[in-house]
Amino acid sequence: MSKLLAQNPLGSGFKRTSDSYNPEVVTNDSIVESVVNIISGIIGIITVVGAIFFIVYFFIAAFQWVTSGDDSKGVETARNKMLQGVIGLVVMVLGYSFIGIIGRIVGIDLINLEDTIMNVVPES
Amino acid sequence: MNRRTKLKNTLNKSLFFLSGFFSVMLTKVQLVAAQTTDVFGEIAPPPGVDQYNQEADIGVIVFASRIINFGAIVAGIWTLINIITAGWIYLTANDSSAHEKVGNKILNSVIGLAIIALSYTIAGIISLLIFGDATFILNPEIESVGTNVRSGMPPWAP
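The rules behind the values
Residues numbered from 1 in each chain as written. Chains lettered and ligands numbered in written order. Predicted model: local features only at pLDDT ≥ 70, side-chain atom pairs only at ≥ 80, totals over all residues. Helix = DSSP H or I, 4+ residues; strand = E, 2+ residues; numbered from the N terminus. Buried ≥ 20, exposed ≤ 12 C-beta atoms within 10 Å, placed from the backbone. Contact = placed C-beta atoms within 7 Å. Axes fitted to C-alpha atoms, helices over the stretch in contact; angles between N-to-C directions. Parallel < 35°, antiparallel > 145°, perpendicular 65-115°, else oblique. Nonpolar A, V, L, I, M, F, W, Y, C, P; charged D, E, K, R; others polar. Expected span 1.5 Å × (residues − 1). Arc of directions from axis to C-beta. Left-handed = near helix turned anticlockwise from the far one by under 90°. pLDDT = per-residue confidence, 0-100.

### A short note on the overall build of chain A
And then number 1: A count of helical and extended segments in chain A gives three helices and zero strands.
And then number 2: Moving toward the C terminus, one meets the helices and strands of chain A in the order α-α-α.
And then number 3: The burial tally for chain A puts 11% of its 124 residues in the buried class.

### Things to note about the overall build of chain B
And then number 1: Broken down by element type, chain B carries five helices and zero strands.
And then number 2: Listing every helix and strand of chain B by position from the N terminus yields α-α-α-α-α.
And then number 3: Within chain B, buried positions represent 11% of all 158 residues.
And then number 4: Of the contacts made within chain B by residues no fewer than 6 positions apart, 22% connect residues no fewer than 24 positions apart.

### Overview of the packing of helix α2 (residues 60-92) of chain B against helix α3 (residues 98-117) of chain B
Residue and element names in this part refer to chain B.
And then number 1: In contact at an axis separation of 9 Å, α2 and α3 are set at 170 degrees when each is read in the N-to-C sense. Accordingly, the angle class assigned to the pair α2 and α3 is roughly antiparallel. Taking contact as the criterion, the partners of Ala-72, Ala-75, Gly-76, Thr-79, Asn-82, Ile-83, Ala-86, Ile-89 and Tyr-90 in α2 are, on α3, Ala-98, Lys-101, Val-102, Lys-105, Ile-106, Ser-109, Val-110, Gly-112, Leu-113, Ile-116 and Ala-117.
And then number 2: Looking at side-chain class alone, the contact of α2 with α3 contains 13 nonpolar, five polar and two charged residues.

### Some remarks on helix α4 (residues 119-131) of chain B
And then number 1: Taking 1.5 Å of rise per residue, 13 residues should cover 18 Å, and α4 of chain B covers 17 Å from first to last C-alpha, within 8% of that figure.
And then number 2: Buried residues of α4 of chain B: Tyr-120, Thr-121, Gly-124, Ile-125, Ser-127 and Leu-128 of chain B, and no others. Across the axial projection of α4 of chain B, the buried residues extend over an arc of 165 degrees, all falling on one side.
And then number 3: Structurally, α4 of chain B contributes buried residues whose contacts are with α1 (28-68) of chain A together with α5 (135-138) of chain B.

### Topic: the packing of α1 of chain A against helix α2 (residues 72-106) of chain A
All names here are of chain A.
And then number 1: Remark: α1 packs on α2, axes separated minimally by 8 Å, with the N-to-C direction vectors making an angle of 165 degrees. As far as their axial angle goes, α2 and α1 are roughly antiparallel. Pair α1 / α2 crosses with left-handed handedness. Facing Thr-47, Gly-50, Ala-51, Phe-54, Tyr-57, Phe-58, Ala-61, Gln-64, Trp-65 and Ser-68 of α1, the residues of α2 in contact are Gly-74, Val-75, Thr-77, Ala-78, Lys-81, Met-82, Gly-85, Gly-88, Leu-89 and Met-92.
And then number 2: When grouped by side-chain class, the residues that make up the contact of α1 with α2 number eleven nonpolar, eight polar and one charged.

### A look at the confidence of the model for chain B
Detailed conclusions should not be drawn from predicted coordinates in areas where pLDDT is low.
And then number 1: In this model, chain B carries an average pLDDT of 76, and 65% of its residues clear a pLDDT of 70 or more.
And then number 2: Both scores are available for the predicted complex, with the pTM at 0.67 and the ipTM at 0.73.

### Things to note about the environment of Lys-105 of chain B
And then number 1: On the secondary structure map, Lys-105 of chain B appears in helix α3.
And then number 2: Excluding residues that lie within four positions of it along the chain, Lys-105 of chain B makes contacts with Asn-82 and Ala-86 of chain B.

### Remarks on the confidence of the model for chain A
Residues and elements named next belong to chain A.
And then number 1: Residues of chain A with pLDDT of at least 70 account for 90%, and the chain-wide mean is 85.
And then number 2: Least confident of the elements in chain A is helix α3 (residues 113-119), whose mean pLDDT is 87; most confident is α1, at 92.
And then number 3: Taken as a whole, residues 1-6 scores under 50 in pLDDT and shows six contacts with residues more than four places along the chain or in a different chain.

Structure follows, in structure tokens:
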């Protein structure tokens, strides 16, 4: 569907508020592509924030270990904190693969979301 | 001077007056609208408004886009203020519920700002999923009776 922008009585449409994730020209494909980009960006942001939290948590746990002294309970909590931080980071990094495997099992293509979205678009 | 010449005189006078009037009107119209294509010319937009009519737009959507952009800036400043007040709550709180309160405040502000920044794409994907056309909301078309929007020609055009 081709549109002649200058001949539309309402002009070229709304202008985007943010240039980063919104498409410059609105078409069906560019909107779906930018939705997929947004989801990828959110996953990336969560991963980076999680990595930063892991660093902070790890050092807090190390500090706890150092300051616990001969208190064996304090050492144990510090070790648990470290272990849980590591497990969380590993799960976060491997989450992408897990999502792919789960999507393959249930039959929804979660990694190539563009095709999945375009499949449910009604015909105009 | 008989009655006939008197009538002729009056007619000449009024014709002269009318022609002068129309010539003044035409010059004014031509001054206002330089690119006159029709008999009566175009209605020229007043200064300021004509800047919204750059690409044969009627400018409503351009104006709305400016307002939305302004709202996004205001929302960004509001988010900044919200984060600063959240930090202030952290500094001054004595109870242990401050952690939760501050976290909620910052998270809500950031989520709201993200929704505003991504509203364009959200509107596009909603109109794509509901109407089957991503431009339905973002680049709307208003069709009048018999007017072909795509060609832009009125129904009386050949």
